[in-house]
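# Fold and geometry: a report
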Amino acid sequence: MACTQNAHPLPRVGVLLIDPFASPRGKPPDQCLVIRQSHRSGKSGNYSVITPSMPELGNFIATVAQENHPGPMHNRRLQQLLPFTPLLLLPLLLWNFFDASQQSLLPWDEGLYMERARLFLDQHEPWTPFSQAHHKTPGHYWIVALSMGLFGVSDIAARFPFILLALLSAWLVYGIGSLILSRRAGAMASLILGTSYLWAVHSRTISPNMAYISLFLGGVLLLLQELVKPARSSAKFCRWRLYFVGVLFALTVFLRSALALLPLVGLMPWLLKQARGRKILMSPWLWLGLACGALPTLIWVWKSIAAYGIAGFMEPLNFPWKKVTGGETGFPFSSFFYYFGSIFFLHTIPWSPLLPFAVTSPNLWGKEAVGQTHGFHRRWLLFATPAIILLLLAFTSSQHKHYALPIYPFAALMIAADLEYRLAGTTSSSANKALPGRSNGMGWQSLRRIVLVHFFLACIILAFCLSDGLPTVKDINMTLVDMRRLYVVLTLLSSVWLLAGLIIYWPRRSLQQSLKPWITCHILGGYLVILGTVHLGFVGNYSPEVKAFLRQPDLQNTLSTAPVDLVKNGRVSRMTTLLRAYSPIMGQSWASFDEFKDQGGPLAWIYEPDLTELDFPYRILAQDHGIVLIHVQRHE
């Protein structure tokens, strides 16, 4: 805006009158607008004279129209309810959750996490309960142990804290979106995150990712609250806010070990560029918070060295080093296409068709976003941070999809920003027609492309379901998958995408009228798809047969009488983690039968092929899934 006279902020009451013919002295009428504020009394108030360029004029008219003629989403009551939007995810998170028959542990990761957390409870040792140096910090085990100490030892109690942390993460995403986008975009981002498939799966598991990501998002939210302050107060930092930023960022390492450094490193370009000239990184309160938050990790390192020697310090470093250098599988930079495909296509379903368009949206790269402060945050926070995390993951040799979970909140925010930009384009469509200088290219041409992508993917899924694709998957997949249930989920997903496309091409309806129902269909459809996967048992119920075997009343009575040891004898399987996790009283784990004969107890789990190696009297109590429970008849 070039010239102002008697410029005062216009109150949001009365009627705005735009007079293109009035002009101050020395200004031609065709270059100025006079905005008069008319009060209810009928008297004219102060006025502002503006000399805009054509794009600025379009933005100004759109803003005035949006503020003085609010639509349903701008209703004051609805605006007050938007912060509670993440609560809509609560029924999705708790569906069938307290039904014990619908909950069973994931055989490897969840079984290990629950078994290790039980060691903290059984041995009453908060730092080093393991027999040898451990490669992970104990913060995550503390959460699981605390929950089981309060609610009893069960898979439901072990998973419950992460339900709450997933809900907290959705609320934090809303807070971030409301600061740099809008309240409506923040609400959409929280729902998009909660209905992304991989995020929904890990929200209902014993996952350390939910814990450290929620703390990381909390630190980002506090930083944003500090960085978006007005210019007059930007030189004054809030001490307690910067202190808690440091505490939260440092605690992520205590919860997730070296993997927590990925989002922190990804955040650094945005933080360094935004803090330049503001000396926010020089604040002693930020560094004090980092020091206080790092105390639990430092105490654990000291305790580990005292218990295990130098191995207690080297083991947490060797584990991530093997992931990077190819010591596990593959070679460095061998996982780029795996994570790229996982994020952009497979595990962000049903939002994967929108993500490529959100990444290339003019909302991030358009001329209108270049000079805006919030445009800066969108490019450097929402795009650069997940891009750096993806590149760092590409250097690892391991392929674990849950490593990419820190990217999902930023992906949800980018999709919400693109949808908000489209909705904002509908409110100013009349101004766009009168002002050719305003870009309308992203609006409807790319929207038609998105619809075509949805139709294409939906047709592929339907053709896959109706052909011989499902039996082929059953032959390849080594796990037990109910093909009828998978057919229902895929059909529901394809129906959602087809319906979303039909809404856009609905006869006698303009694109402007179709956009809000289209977005609503996407959010509601994603909600139903995740609800269907949970209800059909694809999420949360991973080993029902094993749990049913171990929960037999007679077997439970036997297992409750004495600790049950485990003899590995050189074998490692996923079944063993479930045995120890579900045992009422955990015994010792022995590497060979010689050790077990000398120091073992009366009850032991052994592998079925090892029965021929037993050279002492025993009695078989239970047998299933390749595992045998024996009672050793020891002679005194």
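Look a little higher up for the structure.
What comes next is a walk through the structure.

So, how was this worked out
Residues numbered from 1 in each chain as written. Predicted model: local features only at pLDDT ≥ 70, side-chain atom pairs only at ≥ 80, totals over all residues. Heavy atoms only, no water. Helix = DSSP H or I, 4+ residues; strand = E, 2+ residues; numbered from the N terminus. Contact = heavy atoms within 4.5 Å. Areas by Shrake-Rupley, 256 points an atom, 1.4 Å probe, with all protein chains shown as cover. Pairing = 2+ DSSP bridges. Right-handed = clockwise from strand over helix to strand, strands pointing away. Buried < 20%, exposed > 50% of the residue type's maximum accessible area, 1.4 Å probe, protein only. Core = buried A, V, L, I, M, F, W, Y, C linked by side-chain atoms within 4.5 Å. Patch = residues over 30% accessible without salt bridge, like charges linked within 9 Å, V, L, I, M, F, W, Y side chains within 5 Å. Salt bridge = Lys/Arg side-chain N within 4 Å of Asp/Glu carboxyl O. Expected span 1.5 Å × (residues − 1). Phe/Tyr/Trp six-rings, centres within 6.5 Å; stacked < 30°, edge-to-face > 60°. Axes fitted to C-alpha atoms, helices over the stretch in contact; angles between N-to-C directions. Parallel < 35°, antiparallel > 145°, perpendicular 65-115°, else oblique. Left-handed = near helix turned anticlockwise from the far one by under 90°. Nonpolar A, V, L, I, M, F, W, Y, C, P; charged D, E, K, R; others polar.

Turning next to the overall build of the chain. When helices and strands are tallied, the chain shows 28 helices and 8 strands. Sequence separation of 24 or more characterises 71% of the internal contacts of the chain that already satisfy a separation of 6 or more. When the accessible area of the chain is evaluated, it comes to approximately 30,800 Å², of which 63% is carbon and sulfur surface.

Turning our attention to the pairing of strand β5 (residues 586–590). Walk down a regular strand and you will see the side chains alternate between the two sheet faces. The pairing of strand β4 (residues 564–567) with β5 spans 3 bridges and is parallel. Its bridge partner being in β5, Val564 is matched across the sheet by Met586. Crossover handedness for the path β4 to helix α27 (residues 574–582) to β5: right-handed.

Bringing the pairing of strand β6 (residues 603–607) into the picture now. With 5 of its 5 residues buried, β6 lies for the most part within the structure. Burial along β6 is two-sided: the residues Leu603, Trp605 and Tyr607 and Ala604 and Ile606 are all buried. Judged from the 3 bridges that link them, β4 and β6 form a sheet pairing that is parallel. If you follow Asp565 over to β6, its bridge partner there is Ala604.

By size, the foremost hydrophobic cluster in this structure holds 133 residues, and its most contacted members are Trp270, Leu381, Trp518 and Trp605. At 13 residues, helix α6 (residues 155–180) tops the list of elements feeding residues into this core. Residues contacting Leu381, with those up to four places away along its chain left out, are Ile180, Val220, Leu224, Leu267, Trp270, Phe376, Pro386 and Phe410. Among the nonpolar cores identified, the runner-up in size contains 12 residues, and Trp590, Leu614, Phe616 and Ile630 belong to it.

So, on to a nonpolar patch on the surface. Judged by side-chain polarity, Ile305, Ile310, Phe313, Met314 and Leu317 come together as a nonpolar surface patch covering roughly 440 Å² of accessible area. Relative to the elements of secondary structure, Ile305 occurs in helix α12 (residues 284–308).

Before going further, it helps to examine helix α4 (residues 109–123). Taking 1.5 Å per residue as the helical rise, α4 with its 15 residues ought to reach 21 Å, and the 21 Å between its terminal C-alpha atoms agrees with that figure. Of all 15 residues that make up α4, 11 are buried, and the element is covered over most of its length. In the segment just after α4, His124 is the residue with positive phi, at about 55°.

Across the 9 residues that make up α27, a large majority, 8, are buried. When we look at burial in α27, the residues that qualify are Met575, Thr576, Thr577, Leu578, Leu579, Arg580, Ala581 and Tyr582.

Following the sequence through the fold, Ser257 ends up in the loop between α10 (239–256) and α11 (261–275). With near-sequence residues (within four places) excluded, Ser257 lies in contact with His135, Lys136, Thr137 and Thr252.

Another point: the packing of aromatic side chains. Tallied over the entire structure, the rule returns 15 aromatic pairs. Ring centres of Phe97 and Phe98 lie 5.2 Å apart, and the angle between their planes is 85°; on these two criteria the pair is classed as edge-to-face. Overall, Phe97 belongs to the buried group, its relative accessible area being 0%. Ring geometry for Phe98 versus Phe160: centroids 6.2 Å apart, planes at 45°, classification tilted. Highlighted residues: Phe98 in the loop between α3 (90–94) and α4 and Phe160 in helix α6, separated in sequence by 62 residues.

Strand order in the open sheet made by the 5 strands is β5-β4-β6-β8-β7, with mixed pairing throughout. Of all the strands in the sheet, the pair left with one neighbour each is β5 and β7 (618–624). Adjacent strand axes in the sheet meet at a mean angle of 25° when their direction is disregarded. Those strands touched by α27 are β4, β5, β6 and β8 (627–632), and its axis lies near 150° from that of β5.

Below, the discussion takes up the pattern of salt bridges. In a structure, side chains of opposite charge can pair up when their charged atoms sit close to one another. Inspection of every chain in the model, using the stated rule, returns 6 salt bridges. Taking the shortest distance from any N to any O, the salt bridge between Arg159 and Glu110 comes out at 2.7 Å. Of this pair, Arg159 sits in helix α6 while Glu110 is found in helix α4, placing the two residues 49 residues apart along the sequence. Each member of the pair, Arg159 as well as Glu110, is classed as buried. A salt bridge links Glu115 to Arg580; its shortest N-O distance comes to 2.6 Å. One end of the pair, Glu115, is in helix α4; the other, Arg580, is in helix α27, and 465 residues separate them in sequence. The exposure class of Arg580 is buried, given its relative accessible area of 9%.

Moving on, we get to the packing of α4 against α27. α27 packs onto α4 with a crossing angle of 40° between their chain directions and a minimal axis gap of 8 Å. The pairing of α4 with α27 is recorded here as oblique in orientation. Helix-helix and strand crossings are classified by hand; for α4 and α27 the assignment is left-handed. Contacts between α4 and α27 involve Gly111, Leu112, Met114, Glu115 and Arg118 from the first element and Thr577, Arg580, Ala581 and Tyr582 from the second. Of the residues belonging to the contact of α4 with α27, the class tally is 4 nonpolar, 2 polar and 3 charged.

Running from N to C, α4 and helix α5 (residues 139–151) point in directions that differ by 70°, and their axes come no closer than 8 Å. Overall, the two elements α4 and α5 adopt an arrangement that is roughly perpendicular. Contacts between α4 and α5 involve Tyr113, Met114, Arg116, Ala117, Arg118, Phe120 and Leu121 on the former and, on the latter, His140, Tyr141, Trp142, Val144, Ala145, Met148 and Gly149. For the contact of α4 with α5, a count of residues per class yields 10 nonpolar, 2 polar and 2 charged.

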